[in-house]
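# Structural description and commentary
Here's the letter readout for the chains.
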2 protein chains.
Amino acid sequence: MHSANIGPELQRLIDLLAKMPGLGPRSAKRAALFLLKKREPVMRPLAFALSDAADKVKACSNCGNWDSIDPCAVCAETSRDPSIVCVVQDVADLWALERAGAHKGRYHVLGGLLSPLDGIGPNELNIGTLLERASSEAVKEIVLALPATVDGQTTAHYLGDQLLSANVAITRLSQGVPVGGELDYLDEGTLSAAMKTRRPA
Amino acid sequence: MHSANIGPELQRLIDLLAKMPGLGPRSAKRAALFLLKKREPVMRPLAFALSDAADKVKACSNCGNWDSIDPCAVCAETSRDPSIVCVVQDVADLWALERAGAHKGRYHVLGGLLSPLDGIGPNELNIGTLLERASSEAVKEIVLALPATVDGQTTAHYLGDQLLSANVAITRLSQGVPVGGELDYLDEGTLSAAMKTRRPA
């Protein structure tokens, strides 16, 4: 990626941009040139926004969501149902559920999934506070909204075990045919799951 | 794109990331979460690299290439043939020609193309110094390596006129079948051009 004809400041910028998801070495160069053309409207504000967010955005001490206030804006919304806590892998999944308007209760962000191969055990995840929250009076149901992957299901299983002693209902998202999905394009696992859990029409 | 549940510092970061080429609103969110997870190894260095490059990277006063030294590293390379100057639209095209090892002479970066519809006339481009360079003793040939688009060809035509008085040969990149290209997938314009400019085998 390094070229003798690119100055060190520009090369360092390209190398760092190339680490971002969605940008490869080629598109990082294009992004660097774009930014240099938009120094005042984009490049300097982006530099400031990066260091400002790095300073101020922290994990909410209650739910693990990222915000510059603690408790976070989601925890601070008094209109939310405190009896249902939806456990998600990541802030991106919280945003996805909010976008869908799919959940009116509280959230709990694990910050990852159990993954023995990557050395991620229970202590690396935000599980302690989940067990505390689950044992509070107000919480009646915990929805494990974790991905339908091996790591996701392993984590859901582990959390289910840990939450046994708490007096809460434990639920999972249902699996099946995506809304608008053509059967022809679905994998066999999803089709089998949808058939097994079929319901009266 | 704005959500009430995303704090202002994070939202501003996402909005600025979404302005970069190759990142949309969805991938900007993913990038912001990635950066927050890599604050020390990526996020803070990127903030520094952005403001450092914004401060230091300038257009070379000779050729228009971007570098933190002036004249730029390419102009400073004494091994390059000073008699051939290759005119390119943008620094990205200079990098592409360097990657290909296609040109051992000097460069001149216009910083864009003539585009009356976008209000880009000769004064918006780095043309004055090109005319000066063309009239110097050392320069024997100017290669107009501009894109084969309407704006590119308009600009090449304009530069050809302007350079008439200078005592230099003016050349263009040849058009034809790309190396490794299947005829079946080529547009008619390229095929016609390749046929018209056919050469003995």
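Shown above is the structure to which this text applies.
Residues numbered from 1 in each chain as written. Chains lettered and ligands numbered in written order. Predicted model: local features only at pLDDT ≥ 70, side-chain atom pairs only at ≥ 80, totals over all residues. Heavy atoms only, no water.

Scanning chain A from N- to C-terminus turns up eight helices and six strands. Put simply, chain A runs from its N terminus to its C terminus through helices and strands in the order α-α-α-β-β-α-β-α-β-α-β-α-β-α. Relative to the globule expectation of 17 Å for 201 residues, the C-alpha radius of gyration of chain A, 22 Å, shows a markedly less compact shape. For chain A, the spread of C-alpha atoms along the three principal axes comes to 65 × 45 × 35 Å. For chain A, with 201 residues in total, the buried portion stands at 45%. Relative to all contacts within chain A whose residues are 6 or more apart in sequence, the contacts with residues 24 or more apart total 45%. Working note: accessible area of chain A is about 10800 Å², and carbon and sulfur atoms make up 55% of it. Of the charged side chains in chain A, 21 are positive and 23 negative, and the gap between their average positions amounts to 8 Å. (Helix = DSSP H or I, 4+ residues; strand = E, 2+ residues; numbered from the N terminus. Rg over C-alpha atoms; globule rule 2.2 N^0.38 Å. Buried < 20%, exposed > 50% of the residue type's maximum accessible area, 1.4 Å probe, protein only. Contact = heavy atoms within 4.5 Å. Areas by Shrake-Rupley, 256 points an atom, 1.4 Å probe, with all protein chains shown as cover. Lys, Arg positive; Asp, Glu negative; His and termini not counted. Charge placed at Lys NZ, Arg CZ, Asp CG, Glu CD.)

What follows concerns the sheet that holds strand 4 (residues 105-109) of chain B. To summarise the sheet geometry, strands pair through backbone hydrogen bonds and adopt either a parallel or an antiparallel arrangement. Residues and elements named next belong to chain B. Taken in spatial order, the four strands line up as 4-3-5-6 in an open sheet, and their pairing is parallel. Each of the sheet's edge strands pairs with one partner strand only, and the pair in question is strand 4 and strand 6 (169-172). On average, each strand axis in the sheet is tilted by 25 degrees relative to the strand beside it, whichever way the strands run. Here strand 5 (residues 141-144) pairs with strand 6 via four bridges, running parallel. Looking at strand 6, one finds that E141 is bridged to A169. Across the sheet, helix 5 (residues 91-100) lies against strand 3 (81-88) and strand 4, angled at about 160 degrees from strand 4, the strand it touches most. Helix 7 (residues 150-162) rests against strand 3, strand 5 and strand 6 of the sheet, and its axis sits at about 170 degrees to strand 6. (Pairing = 2+ DSSP bridges. Axes fitted to C-alpha atoms, helices over the stretch in contact; angles between N-to-C directions.)

What follows is about the relation of the copies chain A and chain B. Note on the copies: chain A fits chain B at an RMSD of 0.1 Å, the axial shift is 0.1 Å, and the rotation between them is 180 degrees. Look at the turn and shift together and you get a two-fold axis relating the two. Taking the C-alpha atom as reference, chain A places A47 of chain A closest to the rotation axis, 2.1 Å from it. Most of the interface of chain A is mirrored in chain B, where 100% of its interface residues are also at the interface. (Least-squares fit on C-alpha atoms with pLDDT ≥ 70 in both.)

To continue, consider the environment of L144 of chain B. All names here are of chain B. Position of L144 relative to the elements: it lies in strand 5. Owing to a relative accessible area of 3%, L144 belongs among the buried residues under this scheme. Apart from the residues lying within four places of it in its own chain, the contact partners of L144 are V87, A156, L159, G160, I170, T171, R172 and L173.

A few words now on the side chain of S27 of chain B. Residues and elements named next belong to chain B. Along the polypeptide, S27 turns up in helix 2 (residues 25-37). Relative accessible area serves as the criterion here: at 13%, S27 is assigned to the buried category. At 2.8 Å, the side chain of S27 forms a polar contact with the backbone nitrogen of G24. (Polar contact = N/O pair within 3.5 Å; in protein donor to acceptor, adjacent residues only side chain to side chain.)

Attention shifts here to the environment of G176 of chain B. All names here are of chain B. Tracing the backbone through its elements, the reader meets G176 in the loop between strand 6 and helix 8 (188-196). With a relative accessible area of 28%, G176 lands in the partly exposed category. Once the C-alpha coordinates of G176 and I69 are considered, the two residues, 107 residues apart in sequence, prove to be 37 Å apart. When sequence neighbours within four positions are dropped, the list of residues in contact with G176 reads T190 and A194.

Scanning the entire structure with this criterion turns up 14 salt bridges over all chains. In this structure, K37 of chain A engages D90 of chain B in a salt bridge whose closest nitrogen and oxygen atoms are separated by 2.8 Å. Within this pair, whereas K37 of chain A is found in helix 2 (residues 25-37), its partner D90 of chain B is found in the loop between strand 3 and helix 5, the two belonging to separate chains. D90 of chain B sits in the buried class, given a relative accessible area of 13%. Between R44 of chain B and E40 of chain B there is a salt bridge, with the nearest N and O atoms lying 3.0 Å from each other. One end of the pair is R44 of chain B and the other is E40 of chain B, both in helix 3 (residues 39-56) and four residues apart, which spans about a single turn. Connected through salt bridges with shared partners, the residues R12 of chain A together with D52 and K56 of chain B form a single ionic network. (Salt bridge = Lys/Arg side-chain N within 4 Å of Asp/Glu carboxyl O.)

Functional significance is not addressed by these values, which are geometric in nature.
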